[in-house]
Amino acid sequence: MLNKLSRYVIVLLIVVVSALYLPDFFSVLFDKKIDTPRIDYSAVINEFVYHNYHGMGQIDYGDIAGNTYSEREYFQLLPFSYYATLEKWQQLPEEIEGFELSSKSIRKNSQFFRIQTKDINPPSVPIYILFEAESDYAQLRVPDDVFRLDNKIEFIDPVTNSVIEEKSERFQQAMLDAGFQFPADIVAGNPTNRKPFDEGYFITDANDDIFQLKMIKGEPECIKTGIDPGLDIRQIFVSENLRKEFYGWILTEDNKVYLIMYDGYKLKEVPTRGKDDKYAYDADEMTFRFYTYPVNRHIRISGDGFTKMIVVSNDFEYIDEHVETWTPYDKRTASIVKQFLFPFELSTYTPEKYIRLQMDYYWPRNLAGIGLSLLALVLFSRRRPWLDYVIVLLTGVFGLIGVLLVRHED
Amino acid sequence: MLKAILYKEWIKLRWGLLVIAGLTVLSLAYSIGMINYYIEFQGAFSNWMYVIGKSLLLKNIVFVKILPLITGLAFALLQFVPEMAGNRMRLSYHLPISEKRLLLSSVGIGFMFLLAEILFLFFGLWLVVSINYPAEVVQKALMSTLPWFLGGSAIYFLISFIILEPSWTYRIIYGIVAYGLTDLYFRASTYDQYQTLWAFILIVAVMPLTVMYSGHRFRRGIK
Amino acid sequence: MEHVIECKNLTHYYGNNLVLNDLNLKVERGRIFGILGKNGTGKTTTINILMGFLRPTRGKCLVFGEESHNLSPATRQKIGLLHEGHLAYDFMTIKQVEHFYSQFFPGWKADYYWDLIGKLGLSDNHKIRNMSCGQRSQVVLGLIFAQDPELLILDDYSMGLDPGYRALFIDYLQEYVHEKNKTVFLTSHIIQDVEKVVDDTIIMGYQKLLLKMPLETLKENFHRFEFRNPRAIGVVKSDDDMISNVEYVNDKITIYSFKPLKEIVAYLKKLGISADDIKEIPMTLEEAFIGLTGKY
């Protein structure tokens, strides 16, 4: 009895290993790279344009109306992307829609951010650093302490690895005075000194109210932003930019993106859907990109098999959108063959940067492989315990490998 | 009879236990040295930033990662190579105790010793890391070591099972499986990346059962 | 009479290789039973099955009424095994190994062990690994005696022992067994040793049992005849009934048979072969063994 169980444990371990490595190995051998066009929007012709890499450095340029371009022509269509090169060629237009073009003016009036799945809630240590926001120096100076923020705020001195009581109390008091209800939940900041200035942290409290915490001349400044606590916030991102249009952006659980404006912490919703819900943004599977250019803004949502691009005006008025699609991974030949062959796949790396044992079950395509495996077991193998058939029924070729390798010893 | 088996496993393992305990002390000393070197070299604040943001600590305690693996491997070899060499396992299988109890208690005892070494390492690391870093870092660092300890346990059970298997063909197949399974526990590059830890624990938890099949095959006279 | 060991229709294949063909044997309580046979005749296979380390392809082997590959711990307690090469836990010392084994056997007779060990003149902390083969055989025998089993199965006990230790081993064994009415099953390739102790023997040939009788009977009834006749070469062949074995050296023909001279001459005449100079050549037991099993 126990001997039988022992054999099945070994068979199952073989199933686990096969399911972890064989589909992966199959993909490495047979997956073909697919040409995925990169789309963009030309403010010169007000049309979506694209360029498409083929192997061997071959690149096609065109627009969705069907025109094709040379590289030079294409660059000229996108002055906000290729201004540096165009300037060198002395082909940078003087103005577009009233905006005077120069490298400097474009740089100053452009801003970009993206939200990747792995950035949303990565494994991290909940220890933060707070810069002096009104420093006497040209650049941000690295502080000499760090802080933790949960049931209270505590500054810690790395040299002694102990709490700095006085400073902690001052900040604690300032937060309480601002109406902060401990414990803190989301603590979002931008802990780098490679930024022009510091806006501190955006923090949600126990009531889901959002506060901004900064340090000015060594003193705490905690402000209740008044942002709607009913917003189901998934993550807040802070990014200081000299344009000083928004502090950062909020991603909600229902995949909406809001900018937190300098203008009284008002929220500005960034379109995440376009005209319809097809190819709408899903933070668990897609990358969201937001570009602010001097004359308009672009939103690019990219996922498996498509890129959706939405263009809005500086005031977020809808202008146009375009979806470029290609064969998603699941529908490619190698992937389909894989799903016929293997009943499921085990993997550990997640897009969120965690390691988790997860299973993709290839129903119903996997019926083919399971059927073949069962047939092979019936035809080419002597009589065996019924449980062997059940295992092959459930785990297809993985189970077949297992029960054939590990002989049944009665 | 369990006492007698404990006595035999103890005789085989005691020097190994001592050597591993020594290596544990050395590994912890190395960790202290590396941590202090980096703090000195980078400055305390900057070091904390590397430790928090770039998972520097995982590099400083690299031996804590390797040691459970070495221990698992060493204990399995020490316990079962002398038994299998020259067919000596026949002596054990003829003892008036059921094969199942014999095998399960042998790996059980070996695992207890392994666990003792792991706990020693774990608490040692706790002390070492607590001196210089805040509780948040300590917690993340200790959580990061759990998969390594599971990996060490996995290698112990799997190597035991492989050694007890009488046929070389099977040993090679099992070796591949063991490599694939053990790799599961060493995939992290930052702190505390493992989720669904229960699934990873479950895989290790069923491993001791595999030795029964090896014993069964030995008794059937498979070469 | 109760049978301690009973093998029925024992058949074993290694792959497609038949090594044991329908072997039947019974060992009565209180007897010393020996298996003789050249290498590859299934001697080791038989003892492996008996010890419970091989499951036969067909047939079964009962020891104390239980199938040998599936003995209960209680039955194993009654059986002392001496494995080929005098296997022992060589990582233990003299003292440790005694301490270890004593816990498994309620009737442990430590005196037997220490009596034997005392004669070695080694320290109690001497590791078995550092012993000579002969010294180790004493330890192993001591452990088996202390276990005080009802049945002893000894696989090739003489291997690697020099004559002194071999004699010592036999002396102890004989004394122990006859004093206490033990049953012994042993294999050996040294026939003189077996001759002294064994009550019943079987001699195994390739895929068949050659002989099953006390050695005395073999000595009395097995004959060797020699004659010269070149015409006989290739005509006189061994067959189970008349002639057990035939050897040719130039024109000299040697016949081994259980039949008396008269019957052999008559048999040869029937084949049309004259054997005028035929005469019986007396044999030692070892020569008889070789004659029976063949030189090759």
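Residues numbered from 1 in each chain as written. Chains lettered and ligands numbered in written order. Predicted model: local features only at pLDDT ≥ 70, side-chain atom pairs only at ≥ 80, totals over all residues.

Chemist: Just checking my understanding: could you explain the overall build of chain A for this structure?
Modeler: Counting secondary structure elements, chain A contains nine helices and 24 strands. By its C-alpha atoms, chain A is 85 × 65 × 40 Å across when sized along the principal axes. With 410 residues in all, chain A has 33% of them scored as buried. Of the contacts made within chain A by residues no fewer than 6 positions apart, 46% connect residues no fewer than 24 positions apart. (Helix = DSSP H or I, 4+ residues; strand = E, 2+ residues; numbered from the N terminus. Buried ≥ 20, exposed ≤ 12 C-beta atoms within 10 Å, placed from the backbone. Contact = placed C-beta atoms within 7 Å.)

Chemist: Even after reading the chapter, I still don't get the interface of chain B and chain A, so can you show me in this structure?
Modeler: Accessible area lost upon the coming together of the parts is a frequently used measure of interface size. If you look at the interface, chain B gives 36 residues, while chain A gives 32 residues. The set of elements that each furnish at least two residues to the side of chain B that touches chain A consists of helix H2 (44-53), helix H6 (99-132), helix H7 (135-164), helix H8 (168-183), helix H9 (197-206) and helix H10 (210-220) of chain B. Here the side of chain B that touches chain A is built from residues that sort into 21 nonpolar, eight polar and seven charged. (Nonpolar A, V, L, I, M, F, W, Y, C, P; charged D, E, K, R; others polar.)

Chemist: How should unusual backbone geometry be read in this particular structure?
Modeler: The bulk of non-glycine residues show a negative phi, and the bulk of peptide bonds are trans. In this chain, Phe182(A) is followed by Pro183(A) through a cis amide linkage whose omega measures 0°. With respect to the element layout, Pro183(A) can be found in the loop between helix H6 (165-177) and strand E11 (187-188). We note that Glu97(A) has phi near 45°; this positive angle belongs to a residue other than glycine. Of note in this structure, Asn250(C) is not a glycine but carries a positive phi near 50°. Following the sequence through the fold, Asn250(C) ends up in the loop between strand E12 (245-249) and strand E13 (252-257).

Chemist: How should the environment of Val27(C) be read in this particular structure?
Modeler: Residue and element names in this part refer to chain C. Topologically, valine 27 is positioned in strand E2 (residues 17-28). It is 30 Å that separates the C-alpha atoms of valine 27 and aspartate 115, two residues lying 88 residues apart in sequence. Beyond its immediate chain neighbours, meaning those up to four positions away, valine 27 contacts His3, Val4, Ile5, Phe33, Thr183 and Phe185.

Chemist: Where do I start with H6(A) in this structure?
Modeler: Given 3.6 residues to a turn, an α-helix orients residues that are three or four positions apart in the same direction. Between its first and last C-alpha atoms H6(A) spans 18 Å; for 13 residues at 1.5 Å apiece the expected length is 18 Å, and the two agree. A positive backbone phi angle near 95° is found at Gly179(A), which sits one or two residues after H6(A). (Expected span 1.5 Å × (residues − 1).)

Chemist: Sorry if this is basic, but what is going on with the pairing of strand E9 (residues 153-157) of chain A here?
Modeler: As a general feature of sheets, a regular strand has side chains that alternate between the two faces. Residues and elements named next belong to chain A. Here E9 lies mainly inside the structure; four of its five residues are buried. Of the pairings in the sheet, the one linking strand E8 (residues 146-149) to E9 comprises four bridges and is antiparallel in character. For phenylalanine 147, the partnering residue across the bridge sits in E9 and is phenylalanine 155. Connecting E9 to the next strand, strand E10 (residues 162-163), in antiparallel fashion are four residues, including asparagine 161 with a positive phi near 55°. (Pairing = 2+ DSSP bridges.)

Chemist: Got a minute to help me understand the interface of chain C and chain B in this structure?
Modeler: Chain C puts 22 residues into the contact, and the matching count from chain B is 21 residues. Of all the secondary structure elements, the ones that give two or more residues to the side of chain C that touches chain B are helix H2 (73-76) and helix H3 (94-102) of chain C. Split by residue class, the side of chain C that touches chain B holds 11 nonpolar, nine polar and two charged.

Chemist: Help me out: how do you make sense of the sheet that holds strand E5 (residues 66-67) of chain C in this one?
Modeler: What links the strands of a sheet is backbone hydrogen bonding, and the strands pair in either a parallel or an antiparallel sense. All names here are of chain C. A sheet is described by the order of its strands in space; here four strands give the open sequence E2-E1-E4-E5, paired in antiparallel fashion. Of all the strands in the sheet, the pair left with one neighbour each is E2 and E5. As defined by bridge partners, strand E1 (residues 3-14) adjoins strand E4 (residues 58-63) across five bridges and the pair is classed as antiparallel. Bridge pairing in E4 places glutamate 6 opposite leucine 62. In the packing of helix H1 (residues 43-51) onto the sheet, contacts are made with E1, E2 and E4, and the angle to E2 comes to roughly 60°. (Axes fitted to C-alpha atoms, helices over the stretch in contact; angles between N-to-C directions.)

Chemist: Sorry, what's going on with the packing of helix H5 (residues 133-147) of chain C against helix H6 (residues 163-180) of chain C here?
Modeler: Helix-helix packing: each pair is described by the crossing angle between the helix axes and the interaxial distance. Residues and elements named next belong to chain C. At a minimum axis separation of 10 Å, H5 and H6 run at an interaxial angle of 10°. In terms of axis orientation, H5 runs roughly parallel to H6. Each of Gly134, Ser137, Leu141 and Phe145 in H5 lies in contact with H6, whose residues at this interface are Tyr165, Phe169, Tyr172 and Tyr176. (Parallel < 35°, antiparallel > 145°, perpendicular 65-115°, else oblique.)

Chemist: Whenever I open this one, the pairing of E4(C) confuses me. Can you help?
Modeler: Residues and elements named next belong to chain C. Two elements, E4 and E5, share two bridges in a ladder whose sense is antiparallel. When the bridges of E5 are listed, valine 63 appears paired with glutamate 66. Here E4 folds back onto E5 in antiparallel fashion, the turn holding two residues, of which phenylalanine 64 has a positive phi close to 50°.

Chemist: Just to check I follow, could you spell out the nonpolar core for this structure?
Modeler: A general tendency of soluble globular proteins is for nonpolar side chains to be buried together. If you look at the biggest cluster of nonpolar residues, it comprises 153 residues, and the most contacted ones within it are Ile14(A), Val137(B), Ala154(B), Leu158(B) and Leu181(B). With 16 residues, H7(B) is the single largest residue contributor to this core. Ranked by size, the runner-up nonpolar core spans 73 residues in total, among them Leu50(C), Tyr113(C), Ile153(C) and Ala275(C). (Core = buried A, V, L, I, M, F, W, Y, C linked by C-beta atoms within 7 Å.)

Chemist: Can you help me understand the sheet that holds strand E4 (residues 68-69) of chain A in this one?
Modeler: Residue and element names in this part refer to chain A. Strand order across the open sheet formed by four strands is E1-E2-E3-E4, with antiparallel pairing between neighbours. A strand with exactly one partner marks an edge of an open sheet, and here the two such strands are strand E1 (38-42) and E4. Examined bridge by bridge, E1 and strand E2 (residues 47-53) share five bridges and lie antiparallel to one another. Of the residues in E2, the one forming a bridge with serine 42 is glutamate 47.

Chemist: Would you explain the packing of H3(C) against H5(C) in this entry?
Modeler: Residue and element names in this part refer to chain C. Packing of H3 against H5 brings their axes to within 11 Å, and their N-to-C directions diverge by 25°. The pairing of H3 with H5 is recorded here as roughly parallel in orientation. Between H3 and H5 lies a crossing whose hand is right-handed. For the pair formed by H3 and H5, the contact residues are Ile94, Val97 and Tyr101 on the first element and Val139, Leu143 and Gln147 on the second. (Left-handed = near helix turned anticlockwise from the far one by under 90°.)

Honestly, it's all geometry; don't read function into it.
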